[in-house]
Structure formats: structure tokens, C-alpha cells
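# Summary of the model geometry
Residue-level listing of the chains:
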Amino acid sequence: MPKVSVKGQQMPESPIRKLVPYAEIAKKKGHKVYHLNIGQPDIKTPEVALQAVKNADITVLEYSHSAGFESYRTKLSQYYKNHGLPIDTQDIIITTGGSEALLFAMGSTMDTDDEIIIPEPFYANYNGFSTASGVKVVPVISGIETGFALPPIEAFEKLITPKTKAILICNPGNPTGYLYSQEEILKLAEIVKKHDLFLIADEVYREFIYDGDKHFSVMNVPGLEENAIMIDSVSKRYSMCGARIGCIVSKNKEVMATAMKFAQARLSPPTYAQIASEAALETPQSYFDDVISEYKDRRDTLIAELNKIEGVTVATPKGAFYCIAKLPIDNADKFAQWLLESYDLNGETVMVAPAAGFYSTPNVGLDEVRIAYVLKKDDLIKSVQILKEAITAYNNK
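Residues numbered from 1 in each chain as written. Predicted model: local features only at pLDDT ≥ 70, side-chain atom pairs only at ≥ 80, totals over all residues. Heavy atoms only, no water.

An unreviewed UniProt entry annotates the protein chain as Aminotransferase of Flavobacterium helocola. The record in UniProt for the protein chain states the following under Cofactor (unreviewed entry): "pyridoxal 5'-phosphate". (UniProt positions renumbered as here; feature names shortened; annotations may be inferred.)

### Side note on the pattern of salt bridges
On inspection of all chains with the given rule, the structure shows 22 salt bridges. When the shortest N-O distance is used, the salt bridge between Lys18 and Asp333 registers 2.8 Å. Of this pair, Lys18 sits in the loop between helix H1 (6–10) and helix H2 (20–28) while Asp333 sits in helix H12 (residues 332–341); the two residues are 315 residues apart in sequence, bridging distant segments of the chain. Judged by relative accessible area, Asp333 falls into the partly exposed class, the value being 25%. Close ionic contact of Lys377 with Asp297 constitutes a salt bridge, the shortest N to O distance being 3.9 Å. Of the two residues, Lys377 sits in helix H13 (residues 377–396) while Asp297 sits in helix H11 (residues 285–306), which places them 80 residues apart along the sequence. (Salt bridge = Lys/Arg side-chain N within 4 Å of Asp/Glu carboxyl O. Helix = DSSP H or I, 4+ residues; strand = E, 2+ residues; numbered from the N terminus. Buried < 20%, exposed > 50% of the residue type's maximum accessible area, 1.4 Å probe, protein only.)

### Some remarks on the environment of Leu188
Tracing the backbone through its elements, the reader meets Leu188 in helix H8 (residues 182–195). Leu188 sits in the buried class, given a relative accessible area of 0%. The spatial distance from the C-alpha of Leu188 to the C-alpha of Lys397 is 47 Å, given a sequence separation of 209 residues. Setting aside residues up to four positions removed in sequence, Leu188 forms contacts with Leu150, Ile153, Phe156, Ile167, Ile169 and Leu199. (Contact = heavy atoms within 4.5 Å.)

### So, the nonpolar core
Ranked by size, the top nonpolar core spans 114 residues in total, and within it Tyr80, Ile167, Leu306, Phe335 and Ile371 carry the most contacts. Sorting elements by how many residues they give to this core places H11 first, with eight residues. Excluding anything up to four places from it in sequence, Phe335 contacts Leu327, Ile329, Leu387, Ala390, Ile391 and Tyr394. Core analysis: the second largest hydrophobic core is formed by 29 residues, Leu102, Cys170, Phe198 and Ala259 among them. (Core = buried A, V, L, I, M, F, W, Y, C linked by side-chain atoms within 4.5 Å.)

### With respect to a nonpolar patch on the surface
A grouping of Val53, Leu61 and Tyr272 is seen on the molecular surface, where their side chains present a nonpolar patch of about 250 Å² in accessible area. With respect to the helices and strands, the residue Leu61 is situated in the loop between helix H3 (47–54) and helix H4 (70–82). (Patch = residues over 30% accessible without salt bridge, like charges linked within 9 Å, V, L, I, M, F, W, Y side chains within 5 Å. Areas by Shrake-Rupley, 256 points an atom, 1.4 Å probe, with all protein chains shown as cover.)

### Quick look at the layout of surface pockets
The space that makes up the largest pocket amounts to roughly 660 Å³. Forming the walls of the largest pocket are 26 residues, and the residues nearest its centre are Tyr79, His83, Arg206, Glu207 and Gln285. Of all the secondary-structure elements, those providing two or more residues to the lining of the largest pocket are H4 and H11. The element best represented in the lining of the largest pocket is H11, accounting for five residues. Lining of the second largest pocket is provided by 25 residues; of these, Tyr123, Tyr205, Ser235, Lys236 and Arg244 occupy positions nearest its centre. Taken together, the elements giving at least two residues each to the lining of the second largest pocket come down to helix H5 (97–109), helix H6 (125–133) and strand S7 (228–233). Class assignment of the residues belonging to the lining of the second largest pocket gives a composition of 12 nonpolar, eight polar and five charged. (1 Å grid on protein atoms, 1.4 Å probe; cavity = no way out; pocket = protein on both sides within 12 Å on 5 of 7 lines; lining within 4 Å. Points joined across faces, edges and corners; volume = space filled by probe spheres on them. Nonpolar A, V, L, I, M, F, W, Y, C, P; charged D, E, K, R; others polar.)

### Regarding the UniProt feature "domain: Aminotransferase class I/classII large" (unreviewed entry) in the protein chain
According to UniProt, the "domain: Aminotransferase class I/classII large" (unreviewed entry) feature falls on residues 33–343. In residues 33–343, helix accounts for 38% and strand for 15%; the two terminal C-alpha atoms are 11 Å from one another.

### A few points about the pairing of strand S3 (residues 115–120)
Across the six residues of S3, six count as buried, placing the element largely inside the fold. Here S3 shows two buried faces, one formed by Glu115, Ile117 and Pro119 and the other by Ile116, Ile118 and Glu120. Across six bridges, the pairing between S3 and strand S4 (residues 136–141) is parallel. Opposite Glu120, over in S4, you have Ile141 as the bridge partner. Considered for its hand, the β-α-β crossover made up of S3, H6 and S4 is right-handed. In terms of strand pairing, S3 meets strand S5 (residues 164–170) through three bridges, oriented parallel. Directly across from Ile116, in S5, lies its bridge partner Ala166. (Pairing = 2+ DSSP bridges. Right-handed = clockwise from strand over helix to strand, strands pointing away.)

### As for the sheet that holds strand S2 (residues 92–95)
With respect to topology, seven strands assemble into an open sheet ordered S2-S8-S7-S6-S5-S3-S4, the strand pairing being mixed. Of all strands in the sheet, those bounded by a partner on one side alone are S2 and S4. Across the sheet, the mean angle from the axis of one strand to that of its neighbour is 25°, orientation sign disregarded. Seen against the sheet, H8 touches S5 and strand S6 (198–202) and runs at an angle of roughly 170° to S5. Helix-sheet contacts for helix H9 (residues 253–265) involve S2, S6, S7 and strand S8 (246–249), and the interaxial angle to S2 is about 25°. (Axes fitted to C-alpha atoms, helices over the stretch in contact; angles between N-to-C directions.)

Set out below in C-alpha cells:
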């Protein structure tokens, strides 16, 4: 019998989606499931984007340029410049989601068995992208006790080997919500220049910043033009996860020429989704003001409610719409499955993402979960109440 590849066997399951079958069973039992497990916003997609697709006058659905519509890249360049980022049209390649942009970045900068250093916990799919690219993830652990701040630069230095090609960060972070300060970004810039590495920054949550803090991009660091690669996406910014449009951005001409070869190999990004994404750039600032205000209220509500549960530790996120919570339980994987399979409170239960899948270090984060505060405040309050009762029931069973 033919066998699947070793690479395929090593591809990790999604900690976010692997519990879906249990959620489906819970729903078939008639239970309401509050989805705290996935970053799917309930915010409405901007009407201007939806109308652009509805009104598109297309008789032949052609390939686009492999780099994406020039009109879109030109407008996207202007969008970045309006936000203080010195990015030109030729610095951008449109991709099928931020996921493809990350694959292009790894494929363009790393060979099989090269190493990439990533502060953990990190977006779980970084493990998958690295496995698919034949790249080894070298984690540097950040902790809940510091709010998942950047580990000391000395911790990075100890991990750098001749195989190290890049450092990858998510800013602000998924799953932690941590926002790297300008000082932290400059420290990273110094170390990648010192060791001739790339600094890949996943900045898809750039707009989601709270408490008057400011986002500082790797594209804003003088002298880092040859090292910096930025990953972006429309998924969360415009609540357009299904559009699957992102981009890879860099001033490094060799990197972009190489990424272009990967872009040509997959032909082109989807046409209708580019139409929607280009139109979304016309979204008024009032949309973002309302969204940020809503998410800040949700964050504050969630953190306040979680802090009422004895034994729970949670770091207050500064950006994005996730947090990591440390629970008084033995194993978050078992607990998350039990919540769906065996527990309900008045016919309702919750779905969380076990945090161990956001680490590559074995046996770390076993008592942690990622919670996405993408539900309305009343639903968040109800969800945490269910979680509180469930923890008690789980520990007494």
C-alpha cells in the first residue's frame, strides 16, 4: 500500500480546528456552543467591498498579474504611506492570504533544514508553514508572567547557529495580543543586522491597538531595508477572512524577485477577492474607530470576567483580539474536548483553543487556552460564567 510522506505525517493538526467534530456533536445534541476558539470576527465586512464584487462587470474571469492587480498594489502602497510606512508599489506582491505570504517568505529566504527563531507561544500555523517548507522552528519562550513580552536578546543570541536564517514575530501577537514596543523592535533589528538575518514580521493585526499605544512596524526601521519582510492580510482588518487576500512586502529586491517566482508558479491571486480588497481601501476611518472601540470593550469585559475566576491567570492584551489564559486544570486538550463532549450548563457550552498547539516546545502551555474575544459582550460574560462552572465540575469529576 502506498504511504504518505514523512513531511505529511509531521504536519501538525490545527489546535483551533481539531475540536470541530466535537463541537458539531454538541450542536447535534441541541447544545449552544460559544466559539471562543477562532479569530473569526462578527464585525460586518465593509459594504464598499461587498458592493464592488456585486457590481463587477466581468465577462471573462481572467488571470491577474502574478503580483496582483497593479491598481490594487498602487492604492495599497498609498494606504501604507498614509500610515507612515515607506512602501512603494514594487515592494508589494499580493498573495492568497497572509498564509501564502508566509510560505513565500520562507521559501524565498530558507533552504531545507535551515532554522527560524520564533518567540512562543505563536500562531499555530507557523509550525505548519515551517514543516511544509522543510524549515526547523527554534523557539524562544516568552511567559505569561511578563505579559508575553519579548524575551531578552541574550536568549535569541544563544540560539543563533550557522543554520539560522530569520527571526519571525507576530505584532501584535496571535495568540497573546502582545504589542511589541519600538524599543523591542529596534533590539530585534540590531540583532538581525549583526548576524545577517531576515526579520519577518506578521503585522496583520496592525489596526487593532488599544489604550493609546502605537504600532511600530519593521518597515519603519532605518537601515533595515535588506533584512525586513512584512506580512499583511485583509482578513481581520476588514473582517474579510474568506477573501484570502494578503501580501508580502519588502524593500529587498532579491527577496521580492525570488518571491515573484513563487507567485508565478501559483499563477495569480483570486480576481474577485482582489476587487473586494481594493475597494475595501475606501473604507472610512469611522469604521475602524467603531471596531477598535468595540474590541476594546470586549477585551475589558473578558479580562474582568476571567479575573473573577479563582486560579485563573490572564495577561491583558495590548492588541489583536486574543488572550492566553492559564487555567486551574491538568490538561487543556482534555478539558476543551470534555467541554464539548460531556458538559453543558443549561444546554450551553464553550469551545476554546488549547494553547499547547501554539508552542513548538513539548509539554509547554498544557494548562493554557487561547480565547478570542470576537463575540458580543453579553456572550462573553455568559461564556466565562460557563467556563467558571465547568472548571469546578471538571476538577470534581
